[in-house]
2 protein chains.
Amino acid sequence: MTQAASVTAAILVIGDEILSGRTKDKNIGYIADYLTKIGIDLREVRVVADVKADIVAAVNALRARYNYLFTTGGIGPTHDDVTAEAIGAALGVEIVEDPRAIALLLERIKPEDLNEARRRMARIPQGAELVENKISKAPGFWIGNVIVMAGVPTIMQAMLDEVAPRLATGARMVAETVSAGGLPEGAYAAALGEVASANPELSIGSYPSFRDGRFHNEIVVRGRDPMRVGDVAAAINALVSRLAQRRA
Amino acid sequence: MTQAASVTAAILVIGDEILSGRTKDKNIGYIADYLTKIGIDLREVRVVADVKADIVAAVNALRARYNYLFTTGGIGPTHDDVTAEAIGAALGVEIVEDPRAIALLLERIKPEDLNEARRRMARIPQGAELVENKISKAPGFWIGNVIVMAGVPTIMQAMLDEVAPRLATGARMVAETVSAGGLPEGAYAAALGEVASANPELSIGSYPSFRDGRFHNEIVVRGRDPMRVGDVAAAINALVSRLAQRRA
C-alpha cells in the first residue's frame, strides 16, 4: 500500500429501494468501518435513485472531490440496473461487452443460458479493470478513481476485499472513546470545547444516545497520532470524572 | 394535508460519527419508510461531516432541488454541533437566541444549569418555527423548506411526528412485491424489461438477496394507482411462475 498524508473517499449508493425504505442499507456502515480501518477517510455519502442523469451528476461531483469513489448497486441483469451505463456517460467512455467478464459469467452460467440480459452484466466501460467476486462471478469494475460494486452486501464485501490491497492509504485514524455516563452534554460542553480548540489536529465529538428515558453520552477522540489521542482522551476522562463528582 | 401530484424530499445526515463508521445510521431507513407512507417521495440522501462549509453546500443544493429537506444531527450543546449555524449561513439568515426555545429548555433544565453551552441549543435561525419534542425538550426547527431535526433516533422520530401533519403530501406510492424465489434474475430480466417499458408510469425493480449460498429474488412494482399496480404485479407473478415451470 502507498502511504499518503490523507486519502479521502466517498460512497454513492444507487437504488430506488433504499429511497423508498423497502431495503435498509447495510453497505454504508460496513464500508465506513472498513475504510477507517485501512486508513482512508470517508468524507461524504450520497444515495440516488436508479436514474441515469442523477447517477452521472453524483459520480462527477464525487470523483472530482475525493481520491476514491465507491459505488454500490445497479450492476445486475435487469432493466433497472443502469450503473455501468451511467458511469460510462459520466467518464465519457464507451460501454463494451468485455470478453473477460463473459468468461467469468460462464464459470457460473451454462453457455445456453447466457442470454442478452445476462450479457448486460459483461457490459463494462472501456479501459476498466474488473473487480471479481467469488460469490456471484458477475464482476464489478474499477475505472479512474471510481470503484463500482454490487449492492448485495455479501457480494459487495467480497469485492471490497478484492480491491483493498491495491488502494492507496494514509495514516490510520485512531479513536478512543470516553464514557460520560449520565453526565449531561451541557455539563461538559464548555470544557470539552476548550480541549477541542486546543487540539485542532484531533477530531473530538460528543455522541448522546437515549435509552430507558435517560441520555448516555460518549466522547470520541480521533486522530492520526495514537499517543496524542491517548493523552487527550485521558485528560477528557479526568475532566468528566471531576464534573460528575461535583454534581454527585 | 394538501394534495399535490408529487411532493419530493431529500435527507441530509450530518455527523462525523456516521462517516467514521462509529455510529450506524438508523434515521435514513426510518425517514424513508415514513415519507413513503405519507405520500412524499424521497429522492436523494447525503451524509456529510460536521464541517460548516460542507453542510452549507449540501443544504443549498438539496433545498433548491426538492420540496423538503430534512436534516438530522448536530443540534446539541457541544462544539461539534454546527448545524444551526450552517443552516443560517446557507439561508443568509442570522442566528439568534430564541426565547421560545429557552422556555422549552427550562422545562427540563434548572435555571442555574442553563449555562452558555446549553443556551447554544436555543440559537435558532431568525424566522424559523420550532419543532418540539417531548423527550429532550431541546427543539429542532423549520425554516423555508428545511426541517432540522436531532440525530438521536428516538428524538428525531418525535420531531418527525410533530411536523408530519403540516407537510404537503402527494398521492401515496403503493407497492406490491412478487417473489421470484430462486428463479435467477437473468431468466426473467428480458420479459420484466418489456413489462417495465410498457408501463412507464410504474417503477418496477428487481432485488436480489443472497442467503445460504443462493440468490432469492423479489420484484417490486410501485405506482400511484393501486389497481394498475395490482394488475401489473399479477401479470409479473404469472410470468415468473411460467418461467419457473419451464425450468423445472
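Small disclaimer: the values here were computed from a predicted structure and weren't measured. (Residues numbered from 1 in each chain as written. Chains lettered and ligands numbered in written order. Predicted model: local features only at pLDDT ≥ 70, side-chain atom pairs only at ≥ 80, totals over all residues. Heavy atoms only, no water.)

If you tally the helices and strands in chain A, you get 9 helices and 13 strands. Seen through its C-alpha atoms, chain A measures out along the principal axes to roughly 75 × 40 × 30 Å. Put simply, chain A has 248 residues, and 56% of those count as buried. Of the contacts formed within chain A by residues at least 6 apart in sequence, a portion of 70% connects residues at least 24 apart. When the accessible surface of chain A is summed, it comes to about 10,500 Å², and 51% of that surface belongs to carbon and sulfur atoms. Separation between the mean location of the 28 positive side-chain charges and that of the 30 negative ones in chain A comes to 4 Å. (Helix = DSSP H or I, 4+ residues; strand = E, 2+ residues; numbered from the N terminus. Buried < 20%, exposed > 50% of the residue type's maximum accessible area, 1.4 Å probe, protein only. Contact = heavy atoms within 4.5 Å. Areas by Shrake-Rupley, 256 points an atom, 1.4 Å probe, with all protein chains shown as cover. Lys, Arg positive; Asp, Glu negative; His and termini not counted. Charge placed at Lys NZ, Arg CZ, Asp CG, Glu CD.)

Bringing the packing of aromatic side chains into the picture now. Each pair of aromatic rings is reported with the distance of its centres and the angle of its planes. Residues and elements named next belong to chain A. Inspection of the entire model under this criterion finds 8 aromatic pairs over all chains. Ring geometry for tyrosine 30 and tyrosine 34: centres 6.0 Å apart, planes at 35°, overall tilted. In this pair, tyrosine 30 and tyrosine 34 are both assigned in helix H2 (residues 27-38), 4 residues apart and thus about one turn of the helix distant. A centroid spacing of 6.4 Å and a plane angle of 75° characterise the contact between tyrosine 68 and tryptophan 142, whose relative ring orientation is edge-to-face. Here tyrosine 68, found in strand S4 (residues 68-72), pairs with tryptophan 142, found in strand S8 (residues 140-143); they are 74 residues apart in sequence, far enough to count as distant. Taking the relative accessible area as the measure of exposure, tyrosine 68 reaches 9% and is therefore buried. Here the aromatic cluster, defined as three or more aromatic residues joined through ring pairs, consists of Tyr68, Phe70 and Trp142. (Phe/Tyr/Trp six-rings, centres within 6.5 Å; stacked < 30°, edge-to-face > 60°.)

What follows concerns the pattern of salt bridges. Applying the stated criterion across every chain, the model contains 26 salt bridges over all chains. Residue glutamate 85 of chain B is joined to lysine 52 of chain B by a salt bridge in which the shortest nitrogen-to-oxygen separation is 3.6 Å. Placement of the pair is glutamate 85 of chain B in helix H4 (residues 83-91) and lysine 52 of chain B in helix H3 (residues 52-65), with a sequence separation of 33 residues. Glutamate 85 of chain B gets classed as partly exposed once you look at its relative accessible area, which sits at 33%. Note on lysine 52 of chain B: relative accessible area 35%, which makes it partly exposed. Where salt bridges share partners, they join Glu44, Arg46 and Arg65 of chain A together with Asp54 of chain B into one cluster. (Salt bridge = Lys/Arg side-chain N within 4 Å of Asp/Glu carboxyl O.)

Leu12, Tyr68 and Phe70 of chain A together with Leu12, Tyr68 and Phe70 of chain B are the most contacted members of the largest nonpolar core, which totals 133 residues. Ignoring anything within four residues of it in the chain, the contact list for tyrosine 68 of chain B reads Val7, Thr8, Ala9, Ala10, Ile40, Trp142, Asn145, Ile147, Arg166, Leu167 and Ala168 of chain B. Counting 18 residues, the second largest nonpolar core, distinct from the first, contains Val178, Ile219, Val221 and Leu243 of chain A. (Core = buried A, V, L, I, M, F, W, Y, C linked by side-chain atoms within 4.5 Å.)

Here we take up the packing of helix H8 (residues 185-198) of chain A against helix H9 (residues 226-247) of chain A. Residues and elements named next belong to chain A. Packing of H8 against H9 leaves a shortest axis separation of 11 Å and a crossing angle of 155°. Here H8 lies roughly antiparallel to H9, going by the angle between them. Considering the relative orientation of H8 and H9, their crossing is right-handed. Counting all contacts with H8, which are made through Ala187, Tyr188, Ala191, Leu192 and Val195, the residues of H9 involved are Val232, Ile236, Leu239, Leu243 and Arg247. (Axes fitted to C-alpha atoms, helices over the stretch in contact; angles between N-to-C directions. Parallel < 35°, antiparallel > 145°, perpendicular 65-115°, else oblique. Left-handed = near helix turned anticlockwise from the far one by under 90°.)

Okay, the UniProt feature "domain: MoaB/Mog" (unreviewed entry) in chain A next. Under the UniProt annotation, the feature "domain: MoaB/Mog" (unreviewed entry) is placed at residues 10-171 of chain A. The span residues 10-171 of chain A is 38% helix and 23% strand, and its two end C-alpha atoms sit 18 Å from each other. (UniProt positions renumbered as here; feature names shortened; annotations may be inferred.)

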